[in-house]
Amino acid sequence: MVIKLSMFKIQLENGEIYKNKSSRVQHFNSDEKAKTKIDKLGDIASGAIVVECKARTTTTAKTKAVKVSKAKKAAAKAEKPAESATDEKVVSNKAKKAKKSKNQ
């Protein structure tokens, strides 16, 4: 599967690239988001256009990672019995030691 990853930025009417409040070039994942930002800017961005700046393609394998929610993990922990395997081992080890001490 081939995925096209493109980044877009806004070029103002005077040729400068739009920068956010921290003076960094603002990149957008889609041209629709960039156009929405132009609409929000209003008079500042009159005559601005959306420019594609980074375009690359990647290939991905068809594998899916199964995510388990925290609620399901908590439910699985709650379903465990009160005595764990280590408790059973401790009891059996004590019984073995008791048999050995009787035999000696």
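Further up the page is the structure itself.
An account of the accompanying structure is given in this report. (Residues numbered from 1 in each chain as written. Predicted model: local features only at pLDDT ≥ 70, side-chain atom pairs only at ≥ 80, totals over all residues. Heavy atoms only, no water.)

**What about the overall build of the protein chain?**
And step 1. The secondary structure content of the protein chain amounts to 3 helices and 2 strands.
And step 2. When the helices and strands of the protein chain are read in sequence order from the N terminus, they spell out β-α-β-α-α.
And step 3. Counting only residues that meet the buried cut, the protein chain has 12% of its 104 residues in that class.
And step 4. Taking all contacts inside the protein chain whose residues are at least 6 apart in sequence as the whole, residues at least 24 apart take part in 55%.
And step 5. Counting only carbon and sulfur atoms, one obtains 53% of the accessible surface of the protein chain, whose full area is about 9300 Å². (Helix = DSSP H or I, 4+ residues; strand = E, 2+ residues; numbered from the N terminus. Buried < 20%, exposed > 50% of the residue type's maximum accessible area, 1.4 Å probe, protein only. Contact = heavy atoms within 4.5 Å. Areas by Shrake-Rupley, 256 points an atom, 1.4 Å probe, with all protein chains shown as cover.)

**Things to note about the nonpolar core**
And step 1. Core analysis: the biggest nonpolar cluster contains 9 residues, these being Ile10, Leu12, Tyr18, Phe28, Ala34, Ile38, Leu41, Ala45 and Ala48.
And step 2. Top element by residues in this core is helix α1 (residues 31-41). It accounts for 3 residues. (Core = buried A, V, L, I, M, F, W, Y, C linked by side-chain atoms within 4.5 Å.)

**Here we look at the side chain of Ser6**
And step 1. In this fold, Ser6 is placed in strand β1 (residues 2-11).
And step 2. In terms of polar contacts, Ser6 uses its side chain to reach the side chain of Glu52, at 2.8 Å. (Polar contact = N/O pair within 3.5 Å; in protein donor to acceptor, adjacent residues only side chain to side chain.)

**Brief notes about the environment of Ile44**
And step 1. Along the chain, the position of Ile44 falls in the loop between α1 and β2 (49-59).
And step 2. Taking the relative accessible area as the measure of exposure, Ile44 reaches 64% and is therefore exposed.
And step 3. Separated by 31 residues in sequence, Ile44 and Glu13 have C-alpha atoms that sit 9.5 Å apart.

**Some details on unusual backbone geometry**
And step 1. The phi dihedral of Ser23 is positive, around 65°, even though this residue is not glycine.
And step 2. Among the structural elements, Ser23 can be located in the loop between β1 and α1.
And step 3. The exposed category is assigned to Ser23, whose relative accessible area is 56%.

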